[in-house]
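Chain by chain, the residues:
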Amino acid sequence: MENFTFYSPTYFVFGKEEENNAGKYVKRFGGTKVLLHYGGGSVVRSGLLDRVKASLSAEHIPYVELGGVKPNPRSGLVYEGIELCRKEKVDFVLAIGGGSTIDSSKAIAAGTVYSGDFWDFYQGKLVEEALPIGIILTISAAGSEGSADSVITNENGMYKRGATGEALRPTFSILNPALTQTLPPFQTACGITDIMAHLFERYFTNTQEVEVTDRMIEGLLLTMIHEGPRVIEDPNNYEARANIMWAGMMGHNNSCGVGRIQDWASHDIEHELSALYDCAHGAGLAVVFPAWMTYVYKHDVMRFAKLAVRVWGCQMDFANPERTALEGISALRRFWKSLGMPSNFAELGAKEEDIPQMAHTACYGDGRTGTLGNFVKLHEEDVANIYRLMV
Ligand code: NZQ
Ligand code: ZN
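Read on for an overview of the structure. These figures come from a predicted structure and were not determined experimentally.

Definitions and cut-offs
Residues numbered from 1 in each chain as written. Chains lettered and ligands numbered in written order. Predicted model: local features only at pLDDT ≥ 70, side-chain atom pairs only at ≥ 80, totals over all residues. Heavy atoms only, no water. Buried < 20%, exposed > 50% of the residue type's maximum accessible area, 1.4 Å probe, protein only. Helix = DSSP H or I, 4+ residues; strand = E, 2+ residues; numbered from the N terminus. Contact = heavy atoms within 4.5 Å. Near = heavy atom within 4 Å. Polar contact = N/O pair within 3.5 Å; in protein donor to acceptor, adjacent residues only side chain to side chain. Areas by Shrake-Rupley, 256 points an atom, 1.4 Å probe, with all protein chains shown as cover. Nonpolar A, V, L, I, M, F, W, Y, C, P; charged D, E, K, R; others polar. Pairing = 2+ DSSP bridges. Donors = N, O, S within 2.8 Å, 3.2 Å for Na, K, Ca; no water. Core = buried A, V, L, I, M, F, W, Y, C linked by side-chain atoms within 4.5 Å. Phe/Tyr/Trp six-rings, centres within 6.5 Å; stacked < 30°, edge-to-face > 60°.

1. Examining helix α11 (residues 301-310)
Item 1. Residues of α11 that are buried: V301, R303, F304, A305, L307 and A308.
Item 2. Structurally, α11 contributes buried residues whose contacts are with α6 (185-203), α7 (211-233), α10 (281-296) and α12 (321-338).

As structure tokens, then:
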């Protein structure tokens, strides 16, 4: 196991109707003027925004609002939010929505107290200071409600980059699984896929002797495989949604990623797709991950076989472990397909002729140094080959 530090100070509030206490938590964590940040309208239609506003008013906390965050959140709205926060002397950012709204909120929170261009953080500068952020989560997916990360699409070139820093960890996150019951099945399935992808990014490591986190990851994956079909069949299944919601947080706050070198090539490969074609991040991952696995599994056949046996229930073929490893990858493809996820470029709306450009941007764009991932270091040609496996 590698040395590590783990600091996850977010105060989680889990359960039914807890969003009505948002005002109390803002007050408890020191907010006196709030930016309410949200997406394209789901929180308006569901009445959630009004309930949160009422909870702020009940605590006599003034607020300004900025809606309109698009999935794969854009840099333009972040600049707008920073300007608004400075003008209105906002000291607390409250995100109501999914990963896109949360990440846009994190960017605004960091940018407001920074004298330079907020994009510096998305080119590798560590975020050391930000306004405090609170979350009311409406979709189990990105895990941003417990993570120290934010992903933004730069509109000047349409490419996605991530920023990180402990200051981006939310001060509190309200997780009410019932809020996710209004999601269309496709978005629910995208979320399940993303949660599983965060677990795979951590599972595929060259670090030895990490059994405790291996087992945690396997347990969370088994939960997703159990609960995913239940919630697709019955979107109002609160208990299934509750398990998925907590798994999404656990899967990405890094409690099961500590002590190991993680991979993350598949996320970088996917981010080119969602930036260029504006597809849902989870849908992109459903296409990318099986292709990446097929390309790299020979690097550590036994790790792939272990996953196949422990998570997908495959029989270990001791004479031919490669067969077991491949069976596991096939089981994953089948599972995501059964949830309604796409499995190739055409279903994503992606184009074969864009492969060289995407592979180049992924490896060299905006400060990147030529390789992706850690399990297997991928060069531009490898990334292009992985994209070709998706056609
Ligand atoms: O915008 P509204 O109208 O709210 O609609 C959203 C959006 O269209 C809708 N939605 C959300 N909750 C809903 C709902 N519709 C009905 N009922 C509800 N309860 O769902 C759509 C997708 O929302 P979005 O926030 O984009 O989803 P998600 O949570 O999957 O976030 C995706 C973003 O997170 C980034 C991705 O790259 C992508 O940009 N990621 C962030 C990470 C992080 N910060 O740690 C890690 C992830 O790997 C990921 O890269
Ligand atoms: Zn993700």
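2. Thoughts on the side chain of T361
Item 1. By the element assignment, T361 lies in helix α14 (residues 355-364).
Item 2. Classification of T361 by relative accessible area gives buried; the value is 18%.
Item 3. Once residues lying within four places of it in the same chain are set aside, the contact partners of T361 are Y159, R161, E272 and R368.

3. Focus on the site of ligand 1
Item 1. With respect to spatial proximity, 32 residues lie near ligand 1, and among them G40, S42, G99, S100 and H198 are the closest.
Item 2. At 2.8 Å, a side-chain N or O of D103 approaches a nitrogen atom of ligand 1.
Item 3. Burial of ligand 1 by the protein amounts to 89% of the accessible area it has alone, namely 960 Å².
Item 4. When residues of the shell around ligand 1 are traced back to their parent elements, those giving at least two are α5 (99-112), β6 (149-154), α6 and α9 (265-277).
Item 5. Of the residues in the shell around ligand 1, the class split is nine nonpolar, 19 polar and four charged.

4. Some points on the pairing of β6
Item 1. Strand direction decides the pairing type here: β6 and strand β7 (residues 159-164), joined by six bridges, are antiparallel. Note that in β7 the partner of D149 across the bridge is T164.
Item 2. The antiparallel pairing of β6 with β7 creates a hairpin that spans four residues between the two strands, and G157 there sits at a positive phi of about 120°.

5. A look at the coordination of the zinc ion (ligand 2)
Tetrahedral coordination by four donors places them ideally at 109.5 degrees to one another around the metal; octahedral coordination by six donors ideally gives 90 or 180 degrees.
Item 1. Protein coordination at the zinc ion (ligand 2): the donors are D194 (OD), H198 (NE2), H267 (NE2) and H281 (NE2), at 2.0 to 2.2 Å from the metal.
Item 2. Sequence spacing of the donors to the zinc ion (ligand 2): D-x3-H-x68-H-x13-H. A residue pair is termed long-range when its members are at least 10 positions apart, and H198 in helix α6 and H267 in helix α9 qualify at 69 residues. Assigned by exposure class, H198 and H267 land together as buried.

6. Considerations on the nonpolar core
Item 1. Counting 67 residues, the largest nonpolar core has M196, L273 and W292 as its most contacted members.
Item 2. Top element by residues in this core is α10. It accounts for ten residues.
Item 3. What W292 contacts, discounting residues up to four positions off in sequence, is F204, D263, A265, S266, F304, F375, L378 and I386.
Item 4. Among the nonpolar cores identified, the runner-up in size contains 34 residues, and C85, I102, Y122 and A163 belong to it.

7. Re the environment of L222
Item 1. Its location among the elements puts L222 in helix α7.
Item 2. Classification of L222 as partly exposed rests on a relative accessible area of 41%.
Item 3. The spatial distance from the C-alpha of L222 to the C-alpha of V311 is 5.9 Å, given a sequence separation of 89 residues.

8. A closer look at the packing of aromatic side chains
Item 1. For the structure on display, the rule yields 27 aromatic pairs.
Item 2. When the centroid spacing of 5.9 Å and the interplanar angle of 20° are considered together, the rings of F92 and F172 count as stacked. Linking F92 in strand β4 (residues 92-97) with F172 in strand β8 (residues 172-175), this pair joins segments that are 80 residues apart in sequence. This pair shows no difference in class: F92 is buried, exactly as F172 is.
Item 3. Taking the centre distance of 5.9 Å and the plane angle of 50° together, the rings of W292 and F375 count as tilted. Pair noted here: W292 is in helix α10 and F375 is in the loop between α14 and α15 (380-388), with a separation of 83 residues, a long-range link.
Item 4. Put simply, the rings of F200, Y203, F204, F289, W292, Y297, F304, W336 and F375 touch in pairs and so form one group of aromatic residues.

Everything listed here is a matter of coordinates, which is why it stays silent on function.
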